[in-house]
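The residues making up each chain are set out below.
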Amino acid sequence: MYASLKSIGSYAPSQILTNADLEKMVDTSDEWIEKRTGIKERRIAASDEATSDLGEKAARIAIERAGIEKEEIDLIICATLSPDHLCMPSTACVIAAKLEIHNVMAFDISAACSGFVYMLSLAKAFIESGAKKNILLIGAEKISSVIDYTDRGTCILFGDGAGAAIISATEDKNLAILDVHASSDGRYGDYLITPGCGSKFPCSQETLDNKLNYIKMRGNDVYKIAVKTLTNDVIDILEKNNLDASAIDHFIPHQANFRIIEAVRAKLDFPIEKTVLTVAKYGNTSAASIPMAINDAYEEGRIQKGDLMLLDTFGGGFTWASALVRFGGK
Ligand code: ACO
């Protein structure tokens, strides 16, 4: 039995935060942001929308496009760094309740921006072992809830959104997730961190006064390591599967920064027409970034059944992951 990505869905909140809006909030400029990151605007969830609300909307689309009944789903996993609740219940459980899917295994994973590809690795293992048949994966972020909008080093980068996929069992190898590589190096944990409101610095007036509940990032260090790691990771997964770049129909990298994507793409000599880019309109939506990008390419009619996608991502932890995935949907 193989695991197949059968459908994709996404949801982007309607409120748009442009670079011009950010110019009024911090000492920055549209020109600087676009030149350094390629981002023009990002979406921001409404104050009464939680991460689970975004995830639920994306999940409903993915379920409908998969052509299955929600009762056929036997596992729900959500990747997020901005869960509805710090400890429990998991955002996966909250989404399950909203979808009225009861009595199934549901849990969250924490792998920052690498979350969606990490989940693909789990889904592949659950299905190939015969343990599960239809798995709902959701990458969802209300990342604006953990951003300090006075810190110009981070607030310009991130946006809210959600993406979801159904991974189903198939006997057809031509529609399968071929391979997933996922890895980490915890020695770099401090480079990209939300220091407070966990067990180390529990939530207190002092933690909040020191803004430890927000994302802190050593941007330039992250940038350099991300380019090197993403490039090596892609070379590695292609080599291990005896493929070269020409075999790939769609290169779908994590949408953190256009310059990072461009550096990796150029090193691999990968055509820009085959590279999916959504960073300009959504910014970095962390665990939602890759499924939102797959969804946009799918809705534009670019992705056809059987097409080979190369996914590549990097995030806090540090974590990173790549995957070779044939599109198994309609
Ligand atoms: N507007 C104007 N100037 C700025 C801004 C801003 N928003 N932010 C920083 N600057 C200034 C800096 O203060 C610095 O000024 P100085 O030279 O006077 O000291 C100058 O611009 C250059 O700063 P750098 O940090 O070196 O700029 P860089 O070219 O590295 O771009 C950026 C910064 C965009 C953050 C980049 O480093 C980046 O994208 N890093 C990677 C982020 C990322 O990919 N994260 C991935 C994982 S995310 C996750 O897992 C959640």
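A. How the structure looks around the pattern of salt bridges. Taken as a whole and assessed by the stated rule, the structure comprises 15 salt bridges. Between glutamate 34 and lysine 40 there is a salt bridge, and its shortest N-O distance comes to 2.8 Å. Residue classification places glutamate 34 among the partly exposed residues on the basis of a relative accessible area of 33%. The exposure class assigned to lysine 40 is partly exposed, which follows from its relative accessible area of 43%. Here aspartate 148 and lysine 211 are joined by a salt bridge, their closest N and O atoms 3.6 Å apart. Here the residue aspartate 148 occupies a position in the loop between strand 6 (134–141) and helix 6 (152–155), and lysine 211 occupies one in the loop between helix 7 (205–209) and strand 10 (216–217), the gap between them amounting to 63 residues. On the basis of relative accessible area, aspartate 148 is assigned to the buried category, the value being 8%. Given a relative accessible area of 29%, lysine 211 falls into the partly exposed group.

B. Structural detail: the packing of helix 8 (residues 219–240) against helix 9 (residues 258–268). The N-to-C vectors of helix 8 and helix 9 enclose an angle of 35°; their axes lie 9 Å apart at closest approach. Here helix 8 runs over helix 9; the crossing is right-handed. Residues Tyr223, Ala226, Val227, Leu230, Thr231, Val234 and Ile235 of helix 8 pack against Arg259, Ile260, Ala263, Val264, Lys267 and Leu268 of helix 9. Partitioned by chemical class, the residues of the contact of helix 8 with helix 9 number 10 nonpolar, one polar and two charged.

C. Quick peek at the packing of helix 3 (residues 51–66) against helix 4 (residues 91–99). Between helix 3 and helix 4, the shortest axis-to-axis distance is 9 Å and the interhelical angle comes to 55°. In terms of orientation, helix 3 and helix 4 fall into the oblique class. Both helix 3 and helix 4 take part in a crossing whose hand is right-handed. Touching Thr51, Ser52, Asp53, Gly55, Glu56, Ala59, Arg60 and Ile63 of helix 3 are Thr91, Val94, Ile95, Lys98 and Leu99, all from helix 4.

D. Local environment of unusual backbone geometry. The peptide bond linking methionine 88 to proline 89 adopts the cis configuration, its omega dihedral lying at -5°. Mapping proline 89 onto the fold places it in the loop between strand 4 (75–79) and helix 4. Glycine 317 connects to phenylalanine 318 through a cis peptide bond whose omega is -20°.

E. Layout of helix 8. Look at helix 8: 31 Å from first C-alpha to last across 22 residues, which is about the 32 Å you get at 1.5 Å a residue. Taken from the residues just after helix 8, asparagine 242 is the one with a positive phi, measuring 50°.

F. Representation of the packing of aromatic side chains within the structure. One pass over the full model with this rule turns up seven aromatic pairs. On the basis of an interplanar angle of 10° and a centroid distance of 5.2 Å, the ring pair of tyrosine 188 and phenylalanine 318 is categorised as stacked. Placement of tyrosine 188 in the loop between strand 8 (177–184) and strand 9 (192–193) and of phenylalanine 318 in the loop between strand 12 (308–315) and strand 13 (319–326) is noted, with a sequence separation of 130 residues between them. A residue is classified by how much of its surface remains accessible, and tyrosine 188, at 27% relative accessible area, is partly exposed. With 6.5 Å between their ring centres and 15° between their planes, phenylalanine 314 and tryptophan 320 make a pair best called stacked. Take phenylalanine 314: its relative accessible area is 6%, and that puts it in the buried class.

The rules behind the values
Residues numbered from 1 in each chain as written. Predicted model: local features only at pLDDT ≥ 70, side-chain atom pairs only at ≥ 80, totals over all residues. Heavy atoms only, no water. Salt bridge = Lys/Arg side-chain N within 4 Å of Asp/Glu carboxyl O. Buried < 20%, exposed > 50% of the residue type's maximum accessible area, 1.4 Å probe, protein only. Helix = DSSP H or I, 4+ residues; strand = E, 2+ residues; numbered from the N terminus. Axes fitted to C-alpha atoms, helices over the stretch in contact; angles between N-to-C directions. Left-handed = near helix turned anticlockwise from the far one by under 90°. Contact = heavy atoms within 4.5 Å. Nonpolar A, V, L, I, M, F, W, Y, C, P; charged D, E, K, R; others polar. Parallel < 35°, antiparallel > 145°, perpendicular 65-115°, else oblique. Expected span 1.5 Å × (residues − 1). Phe/Tyr/Trp six-rings, centres within 6.5 Å; stacked < 30°, edge-to-face > 60°.

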